[in-house]
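Descriptive analysis of the structure
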Amino acid sequence: MNDMTLTREQREAKLEGMGCKRKRVEDIRFTQGKGNYVDDVKLPGMLHGDFVRSPHAHARVTSINTEKALKVPGVLAVITAETLKTVNLAWMPTLAGDVQMVLADGKVLFQNQEVAFVVATDRYAADDGVNAVEVEYEELPVLIDPFKALDPDAPVLREDLAGKTTGAHGPRKHHNHIFEWTVGDKDLTDAAFRKAEVTIKEMISYHRTHPSPLETCQCLCSFDKVKGELTIYGTFQAPHVIRTVVALIAKIPEHKIHVIAPDIGGGFGNKVGAYPGYICAAVASIVTGKPVKWVEDRIENLTATSFARDYHMTTEIAASKEGKVTGLRVHVLADHGAFDACADPSKWPAGFFNIVTGSYDFPVAHLAVDGIYTNKAPGGVAYRCSFRVTEAAYCIERAMDILAQKLGMDPAELRLRNFIRPEQFPYNSALGWEYDSGDYATAMRKAMETVKYAELRKEQASKREAFKRGETREIMGLGVSFFTEIVGAGPSKNCDILGIAMFDSCEIRLHPTGAGIARMGTKSQGQGHETTWAQIIATEIGIPADNIMVEEGNTDTAPYGLGTYGSRSTPVAGAAIAMAARKIKAKAQMIAAYKLEVHEDDLEWDIDGFRVKGLPEKFLGMKDICWIAYNSPPPGMEPGLEAVSYYDPPNMTYPFGAYICVMDIDVDTGVYKVRRFYALDDCGTRINPMIIEGQVHGGLTEAFAIAMGQEIHYDESGNVTTGSFMDFFIPTAVETPKWETDYTVTPSPHHPIGAKGVGESPNVGGVPCFSNAVNDAFSFLGSTHIQMPHDYWRNWKAAKQLGAVG
Amino acid sequence: MATQAKKTQVSMKVNGAEVDGLVEPRTLLVHFIRENLALTGTHIGCETTHCGACTVDLDGMSVKSCTVFAVQADGADITTIEGMANADGTLSALQEGFRQMHGLQCGFCTPGMIVRAHRLLRENPNPTEEEIRFGIAGNLCRCTGYQNIVRAIQYAAAKINGVEFKEAAE
């Protein structure tokens, strides 16, 4: 009953299933300006909220006078910590088990901290009100340098924690200490170092930066006093988590909270957390009885709404003279800012940083992380990476280069000597992970052959000689990185957020005419879920992707899910889609067996329907099965064709890749040119190669930005000196290099479709690749490690310190 | 402390239609377009003229509407993303190019990027890759890494010029 005039290839093509470069569904509206982002949503009588913020990094708030502000035309209310105390919301719990001020309660702890919230009839009047609020401060000593945080006489930042010797993650050893987290066998690791023929040690810093999606964080809260219901439109990567958090802290029953995440203009981790703006807008709506919108501006976004990285990693490797690694020891000083608001699964205070053994077969390793408070913005989000994985990849990839340099060995060769071999998978790492699958050497060799690695090294050698002879002022760097990610958080046995297990979900409902809707616990911020999720369904159940609508972001209609971040959507929700589709397929098979009058086991799946084995003309297509399921199901079978799946993954997935960068640096100006960048990614089964390539391009561009200049920088007084797009490096089309992408395919053995996730790999692998290129360029002048970011000025400074510039 | 000033009448042509409204002297053009005219395709990304999400075409120039007062645009002829489709409602060559070449992801920079590319191709119907990259340097994108945006504009240029789109060799 299918269209027998079509060939098998035509039937396959019609589905636009997995592996197809399907054009994006989202683009029809986005290219016409018809997206619907939070700030596009308008409700009748809507008010606007805006923050009074602290100019100081550390100060007592001695008074807040709102009198003049309340006289400003259009201003209706000014909310302070005192107002919030009446509803017990002056402080809020963080995802990391700490508490955070919603509005300054007695003191401020970082520049641009929220002090008061002005509510007015429009955004201009709200701004007038902000300017009219009078706040008096008494400045306190400021702590910015993380290495001074644990000094005995360091300023006390968190007076609210006085006397608390235990935090959410164990003992605190100092008033600015948050936690110490250790993994691995210390004694065995120390023994490996005692026996080692060669060791290296380096303090490798990964500077503070910010995800800065082009759309800032925003929300629109509307409280219906009659129904007692709160509706929140917001830029939320995890809408259901927001709903549960609001229910827990605002004491509104969860079924009376409606969270809607409409189109989101990029997230990159920034939109995972809960921020004071959301709480204040909700309280303001309850107080005024009107909808209240809060839209942060760019400076607020960069300086107050989260941050990423700020890890200072003292790294040691033990090895044999032949270059076989025998031990890894890492200590991290983790600067969490004023409150511990890191967005990690609850039991993981340093995220999955224990992936730091990377792609290498370390027999033993030990890791210790000390989290500390400073007078900087709170946050610690995974900026286009799984939790702290990019820090770990940077740490080990830089350290492997330093070891290669000490051994006088080529860094690619050192990696090849130490890779986990294909037959070792599933591989148990020294720091506790079970890697699912990988073929590292094949990927590395393919990368090296493609770029003609050996020839590049020869070219570099002759350029170095020419430089020494004074014939050129340009030095050449060849950056290699090989990363293993850990994504798909995660299995309920070890992953939760505030006690909520990190499963994800999909509900598929097919309609009688052979179309359907899929509702998801995830939320795209540009990843193209509306396109790719339908492709998985198309392949699984033979309904064309064009006939499947994908809906995300409405907590009333979507099944509960933990959202989109940490490259978890494909590993977790992607699996839920396949499992839900397979439930539907199982019912469809019963229907087909009844209609074709055979036993179910006598049927075989054939692209878009079931066929009787050995009788090719006896076929029932899914389109027809949809109709039958509703209107004439087999006797005793309930009508309908839908399924829901909540997927608790058995393990994480471990994407990997080999990246190579060729860079030239002019020592007199520090100006660099990326001559070539090649990225080979293995993300397992590839759902939409076009979208994968797009993700890799974007992630590499963010990696380029971070490695080469993007930084949230504080001066000694705690002023943010990179608080706008004037100073915070976002590359334009002119600076951005051209990207070459490539791939191998090593499916995940435990994932229903073998997919591993890709969105964050290029950031994780890209940053060390760029940094290794810069460091490789300078290495022959005698340096072992130059800290990021490698902007022109710092490159010039490095050249000068190494004596290359007079 | 600022006080609300008397409102001023402004009128302009937006996407071919005559529009007017009452604005404060300080009202930004982008807010007039988004809030008074309810044309929300023009976005705000930085308020400091860096990101270009708010780019509109104003009297034949690409202009960042977050740093223009509405009163300065009195009498102007403005085209926003909502005015970019073909007269029959189909996607323009540029819009089609962005879709075909995967020149967008989150879609937030896209309206400004397309409006800018529209003017770029009017100024230079056959731009080289370098000219395209320079020509869109006032518009930031956080998702795509620009490579596919460049291809989208090349695709549109070829289509407008009636020639076959050929990707440059690596």
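Secondary structure assignment for chain B yields five helices and five strands. Start at the N end of chain B and walk to the C end: the helices and strands fall as β-β-α-β-β-β-α-α-α-α. Taking 170 residues into account, the globule formula puts the C-alpha radius of gyration at 15 Å, and chain B, at 17 Å, falls close to it. For chain B, the spread of C-alpha atoms along the principal axes amounts to about 60 × 35 × 25 Å. Across the 170 residues of chain B, 55% fall into the buried class. Contacts in chain B between residues far apart in sequence, at least 24 positions, make up 57% of those at least 6 positions apart.

Turning our attention to the overall build of chain A. Looking only at helices and strands, one finds 19 helices and 34 strands in chain A. Relative to the compact-globule value of 28 Å for 806 residues, chain A shows a C-alpha radius of gyration of 28 Å, a close match. Judged by the C-alpha coordinates and their principal axes, chain A covers about 85 × 75 × 50 Å. The buried share of chain A, reckoned over its 806 residues, is 59%. The contacts of chain A with a sequence gap of at least 6 include a subset with a gap of at least 24, amounting to 79%.

Contacts between chain B and chain A engage 48 residues on the former and 50 residues on the latter. Looking at the side of chain B that touches chain A, the elements with two or more residues in it are α2 (93-100), α3 (110-123), α4 (129-135) and α5 (147-161) of chain B. Sort the elements by how many residues they give to the side of chain B that touches chain A and α2 of chain B lands first, with four residues. Residues belonging to the side of chain B that touches chain A are distributed by class as follows: 22 nonpolar, 18 polar and eight charged.

What follows concerns the environment of G89 of chain B. Mapped onto the elements, G89 of chain B comes out in the loop between β5 (77-79) and α2. Taking C-alpha positions, G89 of chain B is 21 Å from M101 of chain B, a pair spaced 12 residues apart along the chain.

Residue and element names in this part refer to chain A. With nine of 11 residues buried, strand β32 (residues 656-666) is to be regarded as a mostly interior element. As judged from the 11 bridges shared by strand β22 (residues 474-484) and β32, these two strands associate in the antiparallel manner. Of the residues in β32, the one forming a bridge with F482 is A658. As judged from the 10 bridges shared by β32 and strand β33 (residues 672-682), these two strands associate in the antiparallel manner. By the bridge assignment for β33, G657 is matched with D681.

Residues and elements named next belong to chain A. The N-to-C vectors of helix α14 (residues 529-541) and helix α15 (residues 569-596) enclose an angle of 35°; their axes lie 9 Å apart at closest approach. Both α14 and α15 take part in a crossing whose hand is right-handed. Contacts between α14 and α15 pair H529, W533, I536, I537, E540 and I541 from the former with S569, G574, I577, A578, A581, R582, I584 and K585 from the latter. Residue classes in the contact of α14 with α15 are distributed as eight nonpolar, three polar and three charged.

This next bit is on the sheet that holds strand β18 (residues 325-335) of chain A. Pairing between the strands of a sheet is mediated by backbone hydrogen bonds and can be parallel or antiparallel. Residues and elements named next belong to chain A. One open sheet holds the five strands; their spatial order is β11-β19-β18-β17-β12, and the pairing between them is mixed. Each edge of the sheet is formed by a strand with only one pairing partner; in this case those strands are β11 (177-184) and β12 (198-209). On average, adjacent strands in this sheet sit at an angle of 10° to one another, irrespective of strand direction. In this sheet, strand β19 (residues 365-372) lies alongside β11 in antiparallel orientation, the contact comprising seven bridges. Of the residues in β19, the one forming a bridge with G184 is H366.

Residue and element names in this part refer to chain A. Those residues of helix α19 (residues 792-801) lying buried are N795, A798 and A799. Down the axis of α19, the buried set is contained in an arc of 100°. They therefore lie on one face. Tucked inside the fold, the buried residues of α19 contact β32, β33 and α18 (761-779).

A few words on the confidence of the model for chain B. When the pLDDT values of chain B are averaged, the result is 95; 96% of them are 70 or greater. Predicted complex metrics record ipTM = 0.97 and pTM = 0.97.

Turning to the sheet that holds strand β6 (residues 107-108) of chain A, a few remarks are in order. Across the sheet, which stays open at both edges, the three strands sit in the order β6-β2-β8 (chain A) with antiparallel pairing between neighbours. In this open sheet, the two strands that pair with only one neighbour each are β6 and β8 (134-139) of chain A.

Let us now look at unusual backbone geometry. Residue F425 of chain A is joined to P426 of chain A through a cis peptide bond whose omega torsion reads -5°. Here P426 of chain A shows up in the loop between α11 (411-418) and β20 (427-428). M788 of chain A connects to P789 of chain A through a cis peptide bond whose omega is -10°. Relative to the helices and strands, P789 of chain A resides in the loop between α18 and α19. Although it is not a glycine, N15 of chain B sits at a positive phi angle of roughly 50°. Within the fold, N15 of chain B resides in the loop between β1 (8-14) and β2 (17-23).

Turning next to the nonpolar core. Formed by 309 residues in total, the largest nonpolar core has its most connected members in L103, V118, I537 and I577 of chain A. Filtering out sequence-adjacent residues up to four positions away, I537 of chain A remains in contact with I508, A518, I543, I548, I577 and A581 of chain A.

Procedures and definitions
Residues numbered from 1 in each chain as written. Chains lettered and ligands numbered in written order. Predicted model: local features only at pLDDT ≥ 70, side-chain atom pairs only at ≥ 80, totals over all residues. Helix = DSSP H or I, 4+ residues; strand = E, 2+ residues; numbered from the N terminus. Rg over C-alpha atoms; globule rule 2.2 N^0.38 Å. Buried ≥ 20, exposed ≤ 12 C-beta atoms within 10 Å, placed from the backbone. Contact = placed C-beta atoms within 7 Å. Nonpolar A, V, L, I, M, F, W, Y, C, P; charged D, E, K, R; others polar. Pairing = 2+ DSSP bridges. Axes fitted to C-alpha atoms, helices over the stretch in contact; angles between N-to-C directions. Left-handed = near helix turned anticlockwise from the far one by under 90°. Arc of directions from axis to C-beta. pLDDT = per-residue confidence, 0-100. Core = buried A, V, L, I, M, F, W, Y, C linked by C-beta atoms within 7 Å.

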